[in-house]
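Letter by letter, the chains look like this.
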Amino acid sequence: MRIVFIGPPGAGKGTQAAMLIQRYGLAHLSTGDMLRAARDAQTEIGKLADKYMSTGQLVPDDIILAIVKERLAADDCRAGYLLDGFPRTLAQAEALDRMLAETGEPLDVVLELRVPDEELFRRLSGRGRSDDKPEVIRQRLVAYRQQTEPLLDYYQRRGLLKTIDGVGTVEEIFQRIQEAVDRLGDRTGERRK
Ligand code: AMP
């Protein structure tokens, strides 16, 4: 199963992603985690990416695409993966489509975790990550609304989008996600035959 997971910062994507990959045996591809690892290791890409991350802006597409392309080629992705925090721009989504067309392995579903702004701000303010300062949070939400939200329409038109209500307990939200994913089961089974 190949899943894209979209949601604003603070929607609880990380928590749900960890549960999802375990439940469905997927590789977890979080571009945010990859960039933080590169930043902490002080690689050239990491240092460059940090300039954007620390101000809440998106890292340029060419950097992201290079990282993702390499990661998708790894063996553990063959059994299926969860793309978490990627794609975040239309250009990234189009590039991903081209990569997947080359390998003949289309996406099965795009899950959107939807949470209202006030709730996001409240959750993010209590998290304590270095890019969780109020002005950086605001910028990350702006980046989400302006650059990532257009993807919802892009995937809706392709019939891939499932929107999940992201308000509730961790268990309630995971239940909703599981129901959406399990409903696909038969359809993807058919397609794979
Ligand atoms: P995240 O952990 O997904 O919230 O990502 C943290 C930060 O990493 C973001 O605020 C961006 O600066 C950067 N980032 C992560 N994924 C992407 C992406 N797909 N495109 C551009 N920037 C990204």
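Fair warning: this is a prediction, and the values are worked out from it, not measured in the lab.

On to the packing of helix α2 (residues 31–40) against helix α3 (residues 44–53), then. Direction vectors running N to C along α2 and α3 enclose 120°, while the axes themselves pass 8 Å from each other. Judged by the angle between their axes, α2 and α3 are oblique. Judged by the twist between their axes, the crossing of α2 over α3 is left-handed. Listed contacts from α3 to Gly32, Leu35, Arg36, Ala38 and Arg39 of α2 are Gly46, Ala49, Asp50 and Met53. Broken down by class, the residue content of the contact of α2 with α3 amounts to 4 nonpolar, 2 polar and 3 charged.

Tallying each qualifying case throughout the model produces 16 salt bridges. The shortest N-O distance in the salt bridge between Glu119 and Arg123 comes to 2.9 Å. Note that Glu119 and Arg123 are positioned in helix α6 (residues 117–125) at a spacing of 4 residues, about one turn of the helix. If you follow the salt bridges from partner to partner, you end up with Arg39, Asp40 and Asp50 in one network.

In this section: helix α1 (residues 13–24). Between the first and last C-alpha of α1 there are 16 Å, a value that for 12 residues agrees with the 16 Å anticipated at 1.5 Å per step. Of the positions making up α1, those classed as buried are Lys13, Gln16, Ala17, Leu20 and Tyr24. One side of α1 carries all its buried residues, which in axial view fall inside an arc of 105°. A positive backbone phi angle near 60° is found at Gly25, which sits one or two residues after α1.

How each quantity is defined
Residues numbered from 1 in each chain as written. Predicted model: local features only at pLDDT ≥ 70, side-chain atom pairs only at ≥ 80, totals over all residues. Heavy atoms only, no water. Axes fitted to C-alpha atoms, helices over the stretch in contact; angles between N-to-C directions. Helix = DSSP H or I, 4+ residues; strand = E, 2+ residues; numbered from the N terminus. Parallel < 35°, antiparallel > 145°, perpendicular 65-115°, else oblique. Left-handed = near helix turned anticlockwise from the far one by under 90°. Contact = heavy atoms within 4.5 Å. Nonpolar A, V, L, I, M, F, W, Y, C, P; charged D, E, K, R; others polar. Salt bridge = Lys/Arg side-chain N within 4 Å of Asp/Glu carboxyl O. Expected span 1.5 Å × (residues − 1). Buried < 20%, exposed > 50% of the residue type's maximum accessible area, 1.4 Å probe, protein only. Arc of directions from axis to C-beta.

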